[in-house]
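Listed below are the residues making up each chain.
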2 protein chains.
Amino acid sequence: MAVSQPAAPVTPCIRRRGEVLERAIYDAVLDQLREVGFGGLTMEGVAACARTGKAALYRRWDSKEELVVAALQHALPSFDDPPDHGSVRDDLLAMLRMMATQMSSPTGCAMQAVLGEGNRDRAFVDVVHKQVLEPRKRMLTAVIERAAERGEIRPAAPTVLVAEIGPAMIVQRFHTIGPPIPDDYVVSVVDDVVMPLLRP
Amino acid sequence: MAVSQPAAPVTPCIRRRGEVLERAIYDAVLDQLREVGFGGLTMEGVAACARTGKAALYRRWDSKEELVVAALQHALPSFDDPPDHGSVRDDLLAMLRMMATQMSSPTGCAMQAVLGEGNRDRAFVDVVHKQVLEPRKRMLTAVIERAAERGEIRPAAPTVLVAEIGPAMIVQRFHTIGPPIPDDYVVSVVDDVVMPLLRP
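Residues numbered from 1 in each chain as written. Chains lettered and ligands numbered in written order. Predicted model: local features only at pLDDT ≥ 70, side-chain atom pairs only at ≥ 80, totals over all residues. Heavy atoms only, no water.

Undergrad: Looking at this structure, I do not really get the overall build of chain A. What am I missing?
TA: Within chain A one finds 9 helices and 0 strands. Its helices and strands in sequence order give chain A the pattern α-α-α-α-α-α-α-α-α, from N to C terminus. By the burial criterion, 48% of the 200 residues in chain A qualify as buried. Within chain A, residue pairs in contact and separated by at least 24 positions form 68% of the contacts whose partners lie at least 6 positions apart. Here chain A has roughly 9,700 Å² of accessible surface; of this, 55% comes from carbon and sulfur atoms. (Helix = DSSP H or I, 4+ residues; strand = E, 2+ residues; numbered from the N terminus. Buried < 20%, exposed > 50% of the residue type's maximum accessible area, 1.4 Å probe, protein only. Contact = heavy atoms within 4.5 Å. Areas by Shrake-Rupley, 256 points an atom, 1.4 Å probe, with all protein chains shown as cover.)

In structure tokens, the structure reads:
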């Protein structure tokens, strides 16, 4: 009987099309960031690149800033689930390795371009910072604080400052020598710089 | 008598005009970098901004890459004369303070914009790196090595890596929280991070 059929497939179908379109838009944003940078990126350019209309973009995002933040959040796996190996060295290594890998990816390169142009659009960088970078920094700090609770590090260690070192050095390596970031560099940052500052 | 007059003032006058023009061109380059970034900067745009013709630019520099490097070198005081206070802490503090000040200046902001866009023009960043950043890194390493010779630091300290920490953290601070970089942040990087890694 018709009544027992599952509800009309229209909704799931539209929803799926919506997701596919959204992914195409996000891909277009990252392409445009790499090619023309944040300054050169326009809603028109993204729409053309994703083979859709400007209206499809404005239905979802009010501005190019919102759209770019959404695309970055979608593309960069979050650290919602920080590693917990029971050893601060292993946790830090896992997180910094993930950062190094992400940074060497096309998405990471696009994000660095956005941040590099940031001094021309401070408000936007603040948003990227708060929504994309801050969560990562909080996770690094959390990993170090968990180690402090286990008594694995010396109580007077400057944890907030130490949490900044790894990301800072990986980003600098990216900007000066360029990707990919070798694993032995990441290991060296952890073992020769960060750990000596934390150990009791 | 006319013969005893100093040689025609034509040459010095032209030379001075040349220097004044050159300075105007360099200022225009920095303005353009801040406004449209390295990607948006053109020889035409710089010429218009400096109220001169494109020919005046091409007589001096073959490409916009050469022009931008020249403008950055002109604007950023070099570290040809590294500080020598007889204490590695004081030397490092002096150099990192100078970096923090330079980075917060309009020129520093322009240079960061260039580097941030770098993943779109790797060859150019390599030139900026070699001609602008490398000399600074060499000076920091030299200051640390001089301290090693004085027996002021432990022999096994990872000097090359340690020389990277200060610049990396100052640049990251610039990109995340933005200029100006507070002096107590610079002091904290030296006293809580760099010095503990160097001390015997």
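And the narrative resumes.
Undergrad: Got a minute to help me understand the interface of chain B and chain A in this structure?
TA: On the side of chain A, 39 residues touch chain B, which itself brings 39 residues to the contact. Of the roughly 2,900 Å² buried between chain B and chain A, counting both surfaces, carbon and sulfur atoms make up 59%. Here chain B and chain A share 0 salt bridges between them. Viewed at the interface, chain A and chain B are joined by 6 residue pairs in polar contact (both at pLDDT 80 or more). Those elements that provide at least two residues to the side of chain B that touches chain A are helix 1 (10-40), helix 6 (106-116), helix 7 (122-149), helix 8 (159-176) and helix 9 (183-198) of chain B. Among the elements that line the side of chain B that touches chain A, the one with the most residues is helix 8 of chain B, at 10 residues. Among the residues forming the side of chain B that touches chain A, the class breakdown is 21 nonpolar, 10 polar and 8 charged. (Buried area = accessible area lost by both parts, 1.4 Å probe. Salt bridge = Lys/Arg side-chain N within 4 Å of Asp/Glu carboxyl O. Polar contact = N/O pair within 3.5 Å; in protein donor to acceptor, adjacent residues only side chain to side chain. Nonpolar A, V, L, I, M, F, W, Y, C, P; charged D, E, K, R; others polar.)

Undergrad: Where do I start with the nonpolar core in this structure?
TA: The nonpolar side chains of a soluble globular protein tend to be buried with one another. Ranked by internal contacts, the top residues of the largest apolar core, which has 70 residues, are A:L198 and B:L198. Elements with a minimum of two residues in this core: helix 5 (88-104), helix 7 (122-149), helix 8 (159-176) and helix 9 (183-198) of chain A together with helix 5 (88-104), helix 7, helix 8 and helix 9 of chain B. Apart from residues no more than four positions distant in its own chain, B:L198 is found in contact with B:V88, B:L92, B:I144, B:I153, B:R154, B:A157 and B:V162. Core analysis: the next-biggest nonpolar cluster, separate from the first, contains 27 residues, B:L30, B:L33, B:L57 and B:V114 among them. (Core = buried A, V, L, I, M, F, W, Y, C linked by side-chain atoms within 4.5 Å.)

Undergrad: What is the right way to look at the environment of A:A50 in this model?
TA: Residues and elements named next belong to chain A. Note that A50 resides in the loop between helix 2 (43-49) and helix 3 (54-60). Classification of A50 by relative accessible area gives buried; the value is 10%. With 87 residues separating them along the chain, A50 and K137 place their C-alpha atoms 32 Å apart. Excluding anything up to four places from it in sequence, A50 contacts A24, I25 and A28.

Undergrad: Would you mind going over the relation of the copies chain B and chain A with me for this structure?
TA: Between the two copies of the chain lies a rotation about an axis combined with a shift along it. When chain B is fitted onto chain A, the two copies agree to an RMSD of 0.0 Å after a turn of 180° and an axial shift of 0.0 Å. Expressed as an axis order, the relation between the two copies is that of a two-fold axis. A symmetric contact is evident, with 100% of the interface residues of chain B recurring at the interface of chain A. (Least-squares fit on C-alpha atoms with pLDDT ≥ 70 in both.)

Undergrad: Would you take a moment to explain helix 5 of chain B for this structure?
TA: Every α-helix carries 3.6 residues per turn, so stepping three or four residues along brings you back to the same face. When the terminal C-alpha atoms of helix 5 of chain B are compared, their 24 Å separation across 17 residues agrees well with the 24 Å that a helix rising 1.5 Å per residue should span. Among all positions of helix 5 of chain B, only B:V88, B:D91, B:L92, B:L93, B:M95, B:L96, B:M99, B:A100, B:Q102 and B:M103 are buried. (Expected span 1.5 Å × (residues − 1).)

Undergrad: Would you take a moment to explain the pattern of salt bridges for this structure?
TA: Should their charged atoms come close, side chains of opposite charge can pair. Overall, the coordinates contain 18 salt bridges over all chains when judged by the stated rule. Residue A:R150 is joined to A:E152 by a salt bridge in which the shortest nitrogen-to-oxygen separation is 2.5 Å. A salt bridge links B:D191 to B:R89, with the shortest nitrogen-to-oxygen separation between them at 2.7 Å. In this pair, B:D191 sits in helix 9 while B:R89 sits in helix 5, placing the two residues 102 residues apart along the sequence. We classify B:R89 as partly exposed; its relative accessible area is 27%. Several salt bridges share partner residues, and in doing so they unite A:D84, A:D91 and A:R146 into one network.

Undergrad: Any chance you could explain the environment of B:Q102 here in plain terms?
TA: All names here are of chain B. Assignment of secondary structure puts Q102 in helix 5. Judged by relative accessible area, Q102 falls into the buried class, the value being 11%. C-alpha separation for the pair Q102 and L76, spaced 26 residues apart in sequence, amounts to 7.2 Å.

Undergrad: Explain the packing of helix 9 of chain A against helix 9 of chain B to me, please; I cannot follow it from the model alone.
TA: Working note: a packed helix pair is described by the angle between its axes plus the distance between those axes. Between helix 9 of chain A and helix 9 of chain B, the least distance of the axes is 10 Å, while the angle of their chain directions is 105°. By the criterion of interaxial angle, the relationship of helix 9 of chain A to helix 9 of chain B is roughly perpendicular. In this structure, helix 9 of chain A uses A:D192, A:V193, A:P196 and A:L197 to contact helix 9 of chain B, whose residues at the interface are B:D192, B:V193, B:P196 and B:L197. Residue classes in the contact of helix 9 of chain A with helix 9 of chain B are distributed as 6 nonpolar, no polar and 2 charged. (Axes fitted to C-alpha atoms, helices over the stretch in contact; angles between N-to-C directions. Parallel < 35°, antiparallel > 145°, perpendicular 65-115°, else oblique.)

Undergrad: Got a minute to help me understand the packing of aromatic side chains in this structure?
TA: Ring pairs (aromatic) are described by centroid distance and by the angle formed between their planes. Inspection of the entire model under this criterion finds 2 aromatic pairs over all chains. Positioned above the aromatic ring of A:Y185 is the side chain of A:R173, whose terminal nitrogen or guanidinium carbon lies 5.0 Å from the ring centre. (Phe/Tyr/Trp six-rings, centres within 6.5 Å; stacked < 30°, edge-to-face > 60°. Lys NZ or Arg CZ within 6 Å of the ring centre and 35° of its normal.)

Undergrad: How should I be thinking about unusual backbone geometry in this particular structure?
TA: Excluding glycine, a negative phi dihedral is what most residues carry, and trans is how most peptide bonds are arranged. Residues and elements named next belong to chain A. Non-glycine residue R51 carries a positive phi angle of around 55°. Turning to its location among the elements, R51 is positioned in the loop between helix 2 and helix 3. By relative accessible area, which is 79% here, R51 ends up exposed.

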